[in-house]
Amino acid sequence: MNKGFLLVLMQPPPTLEEEFNAWYDTEHIPERLAVPGFETALRYVCIDGAPRYLAMYDLARPDVLNSPAYLKVGFNNASPWTKRVTSRVRIYRTFGVQVYPGTNLTGRAARVLLLRFRALPSAAQDTIIAGMRANFESRPQTLQVRVFAYDTGAGVDFLGFVEARAALDGVLDLEAFGDCRNALDLVNTYTPYT
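Just so we're clear, the structure is a prediction, and the values are computed from it rather than from any experiment.

1. A short note on the environment of Pro-12
Piece 1. Structurally, Pro-12 is set in the loop between strand 1 (4–11) and helix 1 (17–33).
Piece 2. Ignoring anything within four residues of it in the chain, the contact list for Pro-12 reads Glu-17, Phe-20, Tyr-53 and Val-89.

2. A word on helix 1
Piece 1. With 17 residues, helix 1 ought to run about 24 Å at 1.5 Å a step, and its terminal C-alpha atoms sit 22 Å apart, in line with that.
Piece 2. The sharpest bend along helix 1 comes to roughly 45°, located at Tyr-24.
Piece 3. When helix 1 is considered as a whole, its buried residues turn out to be Glu-17, Phe-20, Asn-21, Trp-23, Tyr-24, Glu-27, His-28, Ile-29, Glu-31 and Arg-32.
Piece 4. On its buried side, helix 1 packs onto strand 1, strand 2 (38–48), strand 3 (53–59), helix 2 (68–71) and helix 3 (80–86).

3. So, the pairing of strand 2
Piece 1. Here strand 2 lies mainly inside the structure; eight of its 11 residues are buried.
Piece 2. The sheet contact formed by strand 2 and strand 3 spans seven bridges and is antiparallel. For Arg-43, the partnering residue across the bridge sits in strand 3 and is Ala-55.
Piece 3. Joining the antiparallel neighbours strand 2 and strand 3 is a turn of four residues, in which Gly-49 adopts a positive phi near 125°.
Piece 4. As paired elements, strand 2 and strand 8 (residues 184–192) share four bridges and run antiparallel to each other. When the sheet's bridge partners are listed, Val-45 is paired in strand 8 with Thr-191.

4. Quick look at the pattern of salt bridges
Piece 1. Applying the stated criterion to the full structure yields 13 salt bridges.
Piece 2. Residues Arg-32 and Glu-31 are paired through a salt bridge, measuring 2.6 Å at the closest nitrogen-oxygen approach. Note on accessibility: Arg-32 and Glu-31 belong to one class, buried.
Piece 3. The salt bridge involving Arg-116 is made with Asp-185; its shortest N-O contact spans 2.8 Å. Within this pair, whereas Arg-116 is found in strand 5 (residues 111–120), its partner Asp-185 is found in strand 8, the two being separated by 69 residues in sequence.

5. Section: the sheet that holds strand 5
Piece 1. Sheet architecture is closed into a barrel: eight strands sit in the order 1-3-2-8-5-7-6-4, paired in antiparallel fashion. Each strand axis lies, on average, 35° off the axis of its neighbour in the sheet, ignoring direction.
Piece 2. One ladder, built from eight bridges, connects strand 5 with strand 7 (residues 156–164); its direction is antiparallel. Bridged to Phe-117 within strand 7 is Phe-158.

Cut-off values and rules
Residues numbered from 1 in each chain as written. Predicted model: local features only at pLDDT ≥ 70, side-chain atom pairs only at ≥ 80, totals over all residues. Heavy atoms only, no water. Helix = DSSP H or I, 4+ residues; strand = E, 2+ residues; numbered from the N terminus. Contact = heavy atoms within 4.5 Å. Expected span 1.5 Å × (residues − 1). Bend = angle between axes of the 7 residues up to and from the residue. Buried < 20%, exposed > 50% of the residue type's maximum accessible area, 1.4 Å probe, protein only. Pairing = 2+ DSSP bridges. Salt bridge = Lys/Arg side-chain N within 4 Å of Asp/Glu carboxyl O. Axes fitted to C-alpha atoms, helices over the stretch in contact; angles between N-to-C directions.

Structure, rendered in structure tokens:
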């Protein structure tokens, strides 16, 4: 079975940034990792693009976010600190399934490149995967390439997630994505949060 994922992009206001990071490190990450089915929880800082922070969680299955253990700490059951911090942070949250290669976990990487393709038909999956592989798998800096998908109700959004041992050089070959290149609306580079 393919693994699930939860990816969150966040932009706290400057006056909240110190508390935001303290909350994330001391409460939020440990709380999520205590939920059965959460396999990884890694944070990153954007060095090219926006929003400023990325959190990536690998899930044993896509339905972990519907489990009683997750619902016990999520949404309306979130802690007072979580509710206070998240009420002041711009958040983009998405979850779904890892469609390529299917079962890999997020590892340690010096750089992460995130590409988002929005509102495509599900049939675009093979084209997105082929484009990601053509652009990144042969680069010496690349550790792994993964593709994630989630149905928004208005189509499928695909996320290309590249982990690299160093900055990725070279130009993005948009032609490798065919007509799907017109759905690309985000290309961000991240470094691990320390």
